[in-house]
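# Chain and residue survey
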Amino acid sequence: MGIVSSLGLDLETNWSNLVAGRSGIRSITLFDASENQTRIAGEVPSAFEEHYRNYIKKRAASQMTRVTRMCMVAAKDAVNHAGLDFDQLDKTRCSVIIGVVNTGNSSVEKDTTPQNTVFKSMSNSMSAWISLEYQLLGPSYAINTACASSAYALASGFDLIRNNQADVVIVGGADSIINKEEIEGFNALYALSVQNDPPEKASKPFAADRDGFVIGEGAGVIILESEKHAHKRGAGIYAELAGYGLSSEGYNIMAPMKDGEGMSFTMKKAIRAAGISAEEIDYINAHGTSTELNDRYETLAIKRVFGARAKKVPVSSSKSMLGHTIGAAGTIEGIITILSIYHGIITPTINLFHPDPDLDLDFVPHTSRKQALHVALSNSFGFGGHNATLVFRKY
Amino acid sequence: MAQIMENTRYEVKEVVYEFFAEECEVPVSEISDQTNIIKDLDGDSLMFLELIEIFKKKYSLDIELKTIGKYAVKHPVETIGQLIDMQMLIIEHENDILELD
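Residues numbered from 1 in each chain as written. Chains lettered and ligands numbered in written order. Predicted model: local features only at pLDDT ≥ 70, side-chain atom pairs only at ≥ 80, totals over all residues.

### Re the overall build of chain B
Per the secondary structure count, chain B includes four helices and zero strands. When its helices and strands are written in sequence order, chain B yields α-α-α-α. Expected size for 101 residues packed as a compact globule is a radius of gyration near 13 Å; at 13 Å, chain B falls within 12% of this value. With the C-alpha coordinates of chain B rotated into their principal frame, the extents come out at 35 × 30 × 20 Å. Taking all 101 residues of chain B together, 21% fall into the buried category. Pairs at least 24 apart in sequence give 70% of the contacts found in chain B among residues at least 6 apart. (Helix = DSSP H or I, 4+ residues; strand = E, 2+ residues; numbered from the N terminus. Rg over C-alpha atoms; globule rule 2.2 N^0.38 Å. Buried ≥ 20, exposed ≤ 12 C-beta atoms within 10 Å, placed from the backbone. Contact = placed C-beta atoms within 7 Å.)

Structure below.
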């Protein structure tokens, strides 16, 4: 696995910061945001501009956006972390699927030449670059389902393996919408927090004083592999992807279905697909955006799925620390869920100082919690009604 | 048709070598006429186009990319030496390069 985010440039740093309950939200430096209503975001640290040079050759880097470079770094870290040597594998059975809403070829992108404009804009560029890097010959493609994109990528990778189309799938997501135009757009939709000071306190999922999501950015990549293949090469296994639920709400381009009906349907579908019962779930990594509607409806959806047990299931939102990484969120939060199971540590929901009386679940406020976990859900719900729930199981 | 001077080939070679050294992050000393652009340098086809643009400006050439494209399809370039040879033909014959076939 590999992560690049506002909380660090590698997996270990991200995990330790998440466990410590640190926020990656700061004042925007990528452009002059002084005229924007929202002036904060979860930017990847500027040290990344030097860091990526250890991973990507200069010429290839010039043909990539900053976000694509993040994806490449996370992918190469994930490949190394998994101990993969593709020269020893059947490359026709190695695939790449990347969830991406946009490549970040925005007004903050620097040094774009006319020749590089196309490469930087291609939404398939990340999967293509990864396949090129390792000369992989299996299917390589991008998926866009808004904020659920990389959760869909994981589901799609799961299917490739289950249908015997691949042994190994590099699955991930990368995104950034930290630019003047998109922040103005989301402000116009009243979707973003405007609590600019202090930045680290703005993302407060499930709190009474939440006022919108905070934009994050970054990349997350997971190596999905068939059990048989992983055993054959002696790979370390962090967790099992036990199943997923996907659905479309057919309801509204922005708002989730009333009372979280679509969300609960998706969670139930995932639980059923994994062949388990709701009683077996002992943690939910929530979509938890810090918007009025998502947090209210996700809470109602969890209550609908878990009934009287809902208040006993820990639910936390990684977005309280990372902000919303959009197309990358599904994979980054998938990784956090996997590490939570692996280490037996639930990362917290920070900034929950003023609980919303209507949202009365166990949101693991402020500090992380040690707890043995066996099965966990990771929720992702995107604009347009694209819903995904992933089920991870201890291996 | 441009006039080829005695030192033109030397100039072209120097530009080509330095271009690949810079773009592919390898020392000039590791490049030779036998170096394979894709396999040895991890180069790409866009580099060829960028070099043509450089030589178009340097020698004020009257050449269209589609003409070069048609020629290159029949005369694929793999090594640095082959690329220099083609650049020399482009400089010498410009848009008439197709008449060489």
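After presenting the structure, the write-up continues.
### Brief notes about the interface of chain B and chain A
Tallying the contact residues gives five residues for chain B and four residues for chain A. Of the residues that constitute the side of chain B that touches chain A, the class distribution is two nonpolar, no polar and three charged. (Nonpolar A, V, L, I, M, F, W, Y, C, P; charged D, E, K, R; others polar.)

### With respect to the domain arrangement of chain A
All names here are of chain A. Parsing chain A into structural domains produces domain 1 (2–232) and domain 2 (240–393). For domain 1 and domain 2, the distance between their C-alpha centroids amounts to 20 Å. Across the boundary between the two partners, domain 1 contributes 59 residues, which contact 55 residues of domain 2. Elements with a minimum of two residues in the side of domain 1 that touches domain 2: β1 (2–5), α1 (11–19), α7 (149–162), β6 (168–176) and β7 (217–225). If one sorts the elements of the side of domain 1 that touches domain 2 by residue count, α7 sits on top with eight residues. Residues that form the side of domain 1 that touches domain 2 fall into these classes: 34 nonpolar, 18 polar and seven charged. (Domains from an automatic or database assignment.)

### Examining the sheet that holds strand β5 (residues 140–143) of chain A
Residues and elements named next belong to chain A. Spatial ordering of the open sheet is given by β1-β7-β6-β4-β5, a layout of five strands whose pairing is mixed. Pairing within the sheet leaves two strands with one partner each, and these edge strands are β1 and β5. Direction aside, the axes of adjacent strands within the sheet are offset by 15° on average. Its contacts with the sheet place α7 against β4 (94–99), β5, β6 and β7, and it is angled at close to 170° to β6. (Pairing = 2+ DSSP bridges. Axes fitted to C-alpha atoms, helices over the stretch in contact; angles between N-to-C directions.)

### Observations concerning the sheet that holds strand β14 (residues 386–393) of chain A
Residue and element names in this part refer to chain A. One open sheet accounts for five strands, arranged β8-β14-β13-β9-β10; its pairing is mixed. If you trace the sheet from one side to the other, it starts and ends with β8 (240–248) and β10 (315–316), each paired once. The pairing of strand β9 (residues 283–285) with β10 spans two bridges and is parallel. Considered in β10, the bridge of Ile284 is made with Val315. Contacts between helix α13 (residues 329–343) and the sheet are confined to β9, β13 (375–382) and β14, with β13 contributing the most and set at about 165° to the helix.

### Some details on the environment of A:Met254
All names here are of chain A. With respect to the element layout, Met254 can be found in the loop between β8 and α10 (261–273). Take Met254: there are 13 C-beta atoms within 10 Å of it, and that puts it in the partly exposed class. For the pair Met254 and Gly334, spaced 80 residues apart in sequence, the C-alpha to C-alpha distance is 23 Å. Among residues more than four places away in sequence, those in contact with Met254 are Leu189 and Phe383.

### Overview of the environment of A:Ser156
Residues and elements named next belong to chain A. Tracing the backbone through its elements, the reader meets Ser156 in helix α7. Note on Ser156: 20 C-beta atoms within 10 Å, which makes it buried. Along the backbone, Ser156 and His229 are 73 residues apart, and their C-alpha atoms lie at a distance of 18 Å. Once residues within four sequence positions are removed from consideration, Ser156 is found in contact with Ile97 and Ile143.

### Thoughts on the nonpolar core
The nonpolar side chains of soluble globular proteins are, as a tendency, buried together. By size, the foremost hydrophobic cluster in this structure holds 120 residues, and its most contacted members are A:Cys71, A:Ala74, A:Ala78, A:Leu390 and A:Val391. Tallying contributions element by element places helix α4 (residues 66–81) of chain A first for this core, with nine residues. Other than its neighbours up to four places away in sequence, A:Leu390 contacts A:Ala151, A:Leu154, A:Leu241, A:Tyr244, A:Ala270, A:Gly334, A:Leu377 and A:Ser378. Of all hydrophobic cores here, the second largest spans 17 residues; its members include B:Val16, B:Phe20, B:Ile31 and B:Ile37. (Core = buried A, V, L, I, M, F, W, Y, C linked by C-beta atoms within 7 Å.)

### A word on α1(A)
Structurally, the α-helix is built with 3.6 residues per turn, so residues lying three or four positions apart point the same way. Residue and element names in this part refer to chain A. All buried positions along α1 are accounted for by Leu11, Asn14, Trp15, Leu18 and Val19. Axial view of α1: buried residues confined to an arc of 125°, hence all on one face. Along α1, the residues that are exposed and aim more than 90 degrees away from the buried face are Glu12 and Ser16. Residues of α1 that are buried sit in contact with β1, α4, α12 (319–322), α13 and β11 (345–346). (Arc of directions from axis to C-beta.)

### Some thoughts on the pairing of β14(A)
Residue and element names in this part refer to chain A. Of all eight residues making up β14, seven are buried, and the element is well covered by its neighbours. As defined by bridge partners, β8 adjoins β14 across eight bridges and the pair is classed as antiparallel. Directly across from Glu240, in β14, lies its bridge partner Arg393. Here β13 hands over to β14 after three residues, with Gly384 in that stretch at a positive phi of 95°.

### Here's the deal with the environment of B:Val16
Residues and elements named next belong to chain B. Position of Val16 among the secondary structure elements: in helix α1 (residues 8–24). What makes Val16 buried here is the crowd of 21 C-beta atoms within 10 Å. When the C-alpha atoms of Val16 and Thr79 are compared, they prove to be 11 Å apart, with 63 residues separating the residues in sequence. Non-local contacts of Val16, meaning those with residues more than four positions away in its chain, are made with Leu51, Ile80, Leu83, Ile84 and Gln87.

### With respect to the packing of α4(A) against helix α6 (residues 125–134) of chain A
Residue and element names in this part refer to chain A. Where α4 contacts α6, the axes come no closer than 10 Å and their chain directions differ by 40°. Judged by the inter-axis angle, α4 sits oblique to α6. Considering the relative orientation of α4 and α6, their crossing is right-handed. The segment α4 lies against α6, with Thr68, Cys71, Met72 and Ala75 engaging Ser125, Met126, Trp129 and Ile130. Residues that form the contact of α4 with α6 fall into these classes: six nonpolar, two polar and no charged. (Parallel < 35°, antiparallel > 145°, perpendicular 65-115°, else oblique. Left-handed = near helix turned anticlockwise from the far one by under 90°.)

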